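# Coordinates in review
Residue strings, one per chain:
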Amino acid sequence: MSQADDHDEDDIALAGEYALHLLDADARLAFERRLAAEPGLRALLRDWDEGFVALADDVKPVAPPRKLKKRIERALFRASDPRSAAPRRGFSLGGLFGALTAAVLMLMLVVALPETRLTPPGPTYTAELAADDQSLIVRARFDRAANALRLDRVAGDALPGRVLELWLIAEGASAPVSLGVLPADQRATVAVPDDLIAALAGGTLAISDEPPGGSPTGQPTGAVLAVGAVTTL
Amino acid sequence: MTTIADIEEMIARIGIGDRKAFASLYDATSAKLFGVCLRILNNRAEAEDALQEAFVRIWQKADSYAANGYSPMTWLITLTRNLAIDKLRARKAPADDIDDIPDLSASGPTPEEAAVAASEAARIKACLDELEADRAHAVRGAYLEGESYQELADHHGVPLNTMRTWLRRSLLKLKECLSR
């Protein structure tokens with residue numbers, strides 16, 4: 001409770017009223033606007049929330065009906081179900097669902113638009129992703145004008161009823177980041193979110209075997225079929 | 001047994017889109033959070049809707065959880081309670097099927113909860129005990145039943161402004177006590 005010591009009494013009481021949900025709609029909104037701008041007020045509210053939450057100890061847990069979990073998962077994840085997702089330039093967003101923010105998704109839509117902007121300066125990247133036995137080979141080239149990887153699958157294909165998902169492992173990173181499910185086409189374009197472009201340098205691209213729609217966990221769940229280091233040109 | 005660290009880990013994984021972690025978090029916490037919804041709404045169908053909204057919100061906001069400094073159960077309970085109270089405020093007439101709900105009255109915390117929250121619980125309760133009984137009751141009513149100022153005023157038979165003054169003063173005393 002120490003962080004709030006320098007607050008005036010009005011704010012202390014106001015934050016308490018907000019925590020108890022006693023403010024009317026207008027006052028609540030006004031308080032939330034202040035919260036966004038005032039870290040000290042957020043700390044004050046957190047103190048109240050942490051203080052009051054112990055009152056919920058007296059609330060007995062009650063198992064919700066079993067069907068509710070399915071209902072929630074349906075509500076959340078249906079959008080990434082490949083059966084209902086609209087194809088977008090042959091690139092399924094399914095594998096990225098939830099892992100990326102709406103802002104990044106918007107960005108990807110923007111970069112999928114016709115290439116009207118000038119090519120920004122900067123390095124470009126290539127990689128050849130190959131299986132040990134050459135059963136799957138995909139060549140990747142970063143198109144800086146489109147902020148996208150142009151992929152050419154020169155050998156191999158997804159297993160029946162499965163899909164190929166592309167991953168980027170940044171240099172020194174502990175976990176790969178999905179770049180999305182590869183379309184069935186031999187040639188494909190996969191947009192790279194702006195915040196991942198820098199990670200291409202020194203990074204590694206990999207392709208894993210995944211269920212339709214892509215990895216449900218945000219991390220590879222199937223075998224890693226092909227790997228290739230990114231070369232900076 | 002699911003520990004607080006486990007729950008924190010699940011929230012972190014949900015933040016990067018891990019659906020298995022989401023399912024695990026649901027299994028570990030939905031009964032407690034459903035209890036909170038039921039306590040506030042006294043209506044099963046509404047409590048189910050509130051719990052659904054809470055888990056949708058958890059999925060959407062998990063990636064910002066680490067930055068907010070809340071302990072995981074506080075974050076989950078606060079988020080759920082706020083949604084349940086929003087629902088309570090949005091409805092016109094209070095539903096009244098509390099009889100459907102078995103034994104929602106106070107029962108002791110589970111050993112896990114007790115271990116985690118014992119000191120904080122003791123603190124808020126001790127501090128509430130320092131308030132006059134009816135004022136402590138009003139604070140509990142606001143927190144646990146989601147009562148509005150008008151409802152608190154009605155229950156305690158005082159004018160709305162009196163209740164507001166009482167409660168704000170009680171909050172300042174509580175704060176002073178909690179800060180000791």
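Quick caveat: nothing in here was measured; it's all calculated off a predicted structure. (Residues numbered from 1 in each chain as written. Chains lettered and ligands numbered in written order. Predicted model: local features only at pLDDT ≥ 70, side-chain atom pairs only at ≥ 80, totals over all residues. Heavy atoms only, no water.)

In this section: the overall build of chain B. A count of helical and extended segments in chain B gives 8 helices and 0 strands. Ordering the α and β elements of chain B from the N terminus gives α-α-α-α-α-α-α-α. The buried share of chain B, taken over its 180 residues, is 49%. Once local pairs closer than 6 in sequence are excluded, the contacts in chain B between residues at least 24 apart make up 65%. (Helix = DSSP H or I, 4+ residues; strand = E, 2+ residues; numbered from the N terminus. Buried < 20%, exposed > 50% of the residue type's maximum accessible area, 1.4 Å probe, protein only. Contact = heavy atoms within 4.5 Å.)

Residues and elements named next belong to chain A. Unusually for a residue other than glycine, His 21 sits at a positive phi of about 70 degrees. Note that His 21 resides in the loop between α1 (9-20) and α2 (25-37). You can call His 21 buried: its relative accessible area is 3%. Located in the positive-phi region is Gln 134, a residue other than glycine, with phi close to 65 degrees. Looking at the secondary structure, you find Gln 134 in the loop between β1 (125-130) and β2 (137-143).

Attention now goes to the side chain of A:Glu73. By the element assignment, A:Glu73 lies in helix α4 (residues 67-77). Comment: no salt bridge for buried A:Glu73; closest opposite-charge side chain is A:Lys70, at 4.2 Å. Excluding its chain neighbours within four sequence positions, the residues that come into contact with A:Glu73 are A:Arg78, B:Phe22 and B:Ala23. (Lys, Arg positive; Asp, Glu negative; His and termini not counted. Salt bridge = Lys/Arg side-chain N within 4 Å of Asp/Glu carboxyl O.)

A separate point is the confidence of the model for chain A. Residues and elements named next belong to chain A. On average, residues of chain A score 79 in pLDDT, and 78% of them reach the 70 mark or higher. No element of chain A has a lower mean pLDDT than helix α5 (residues 102-111), which averages 49, and none a higher one than α1, which averages 96. Note that residues 81-100 has pLDDT below 50 and, in this model, 44 contacts with residues that lie over four places away or in other chains. Low pLDDT (under 50) marks residues 109-119, which in the prediction has 13 contacts with non-local residues, meaning those over four places away or in another chain. (pLDDT = per-residue confidence, 0-100.)

Where α4(A) meets helix α2 (residues 19-41) of chain B, the axes come as close as 12 Å, and the angle between the chain directions of the two elements is 150 degrees. When the interaxial angle is binned, α4(A) and α2(B) end up roughly antiparallel. At the point where α4(A) passes α2(B), the crossing takes the right-handed sense. Here A:Leu68, A:Lys69, A:Ile72, A:Glu73, A:Leu76 and A:Phe77 of α4(A) lie close against α2(B), whose contacting residues are B:Arg19, B:Phe22, B:Ala23, B:Tyr26 and B:Asp27. Split by residue class, the contact of α4(A) with α2(B) holds 7 nonpolar, no polar and 4 charged. (Axes fitted to C-alpha atoms, helices over the stretch in contact; angles between N-to-C directions. Parallel < 35°, antiparallel > 145°, perpendicular 65-115°, else oblique. Left-handed = near helix turned anticlockwise from the far one by under 90°. Nonpolar A, V, L, I, M, F, W, Y, C, P; charged D, E, K, R; others polar.)

With that settled, consider the confidence of the model for chain B. Residues and elements named next belong to chain B. The share of residues in chain B with pLDDT of 70 or more is 83%, and the mean pLDDT across the chain is 86. For chain B, the element scoring lowest by mean pLDDT is helix α5 (residues 111-130), at 70; α2 scores highest, at 96. In the model, residues 93-116 has pLDDT below 50 throughout and makes 30 contacts with residues more than four positions away in sequence or in other chains. This complex was scored by the predictor with a pTM of 0.59 and an ipTM of 0.85.

Attention now goes to the interface of chain A and chain B. With 54 residues of chain A at the contact, the number on the chain B side is 74 residues. Counting the surface lost from both chain A and chain B, the interface buries some 5,700 Å², and carbon and sulfur atoms represent 62% of this. In terms of surface lost to chain B, no three residues of chain A exceed A:His21, A:Leu55 and A:Asp58, which account for 12% of the buried area on that side. A salt bridge links A:Asp58 to B:Lys125; the shortest N-O distance between them is 3.4 Å. Our enumeration of links across chain A and chain B arrives at 19 residue pairs in polar contact (both at pLDDT 80 or more). Listing elements by their share of the side of chain A that touches chain B, those giving two or more residues are α1, α3 (39-52) and α4 of chain A. Counted by class, the side of chain A that touches chain B contains 30 nonpolar, 9 polar and 15 charged residues. (Buried area = accessible area lost by both parts, 1.4 Å probe. Polar contact = N/O pair within 3.5 Å; in protein donor to acceptor, adjacent residues only side chain to side chain.)

Before going further, it helps to spend a moment on the nonpolar core. Soluble globular proteins tend to pack their nonpolar side chains together in the buried interior. By size, the foremost hydrophobic cluster in this structure holds 80 residues, and its most contacted members are A:Phe52 and B:Leu174. With 11 residues, the single largest contributor to this core is α2(B). The next biggest cluster of nonpolar side chains, apart from the first, holds 25 residues, and it includes A:Leu149, A:Val192, A:Leu196 and A:Leu205. (Core = buried A, V, L, I, M, F, W, Y, C linked by side-chain atoms within 4.5 Å.)

Residues and elements named next belong to chain A. Counting buried residues along strand β4 (residues 163-169), 6 of its 7 residues qualify, which places the element largely inside the surrounding structure. Two strands pair when backbone bridges link them, and β4 and strand β7 (residues 204-210) are joined in this way by 7 bridges, in the antiparallel orientation. Residue pairing in the sheet places Leu 168 in a bridge with Leu 205 of β7. Sheet topology note: the β4/strand β5 (residues 177-181) ladder contains 4 bridges and is antiparallel. The residue of β5 that forms the bridge with Leu 166 is Gly 180. (Pairing = 2+ DSSP bridges.)

All names here are of chain B. Applying the stated rule across the entire model yields 1 disulfide over all chains. In this model, Cys 127 is linked to Cys 177 through a disulfide, with the two sulfur atoms separated by 2.0 Å. Disulfide Cys 127-Cys 177: the torsion about the S-S bond is -80 degrees, which places it as left-handed. On the criterion of sequence distance, the pair formed by Cys 127 in helix α5 and Cys 177 in helix α8 (residues 160-179) is long-range, its members being 50 residues apart. The pair Cys 127 / Cys 177 is uniform in exposure class, with both members buried. (Disulfide = S-S within 2.5 Å.)

The next point concerns helix α4 (residues 72-90) of chain B. An ideal rise of 1.5 Å per residue puts 27 Å on 19 residues; α4(B) measures up with 27 Å between its terminal C-alpha atoms. Counting buried positions along α4(B) yields 16 of 19 residues, so the element is predominantly enclosed. (Expected span 1.5 Å × (residues − 1).)

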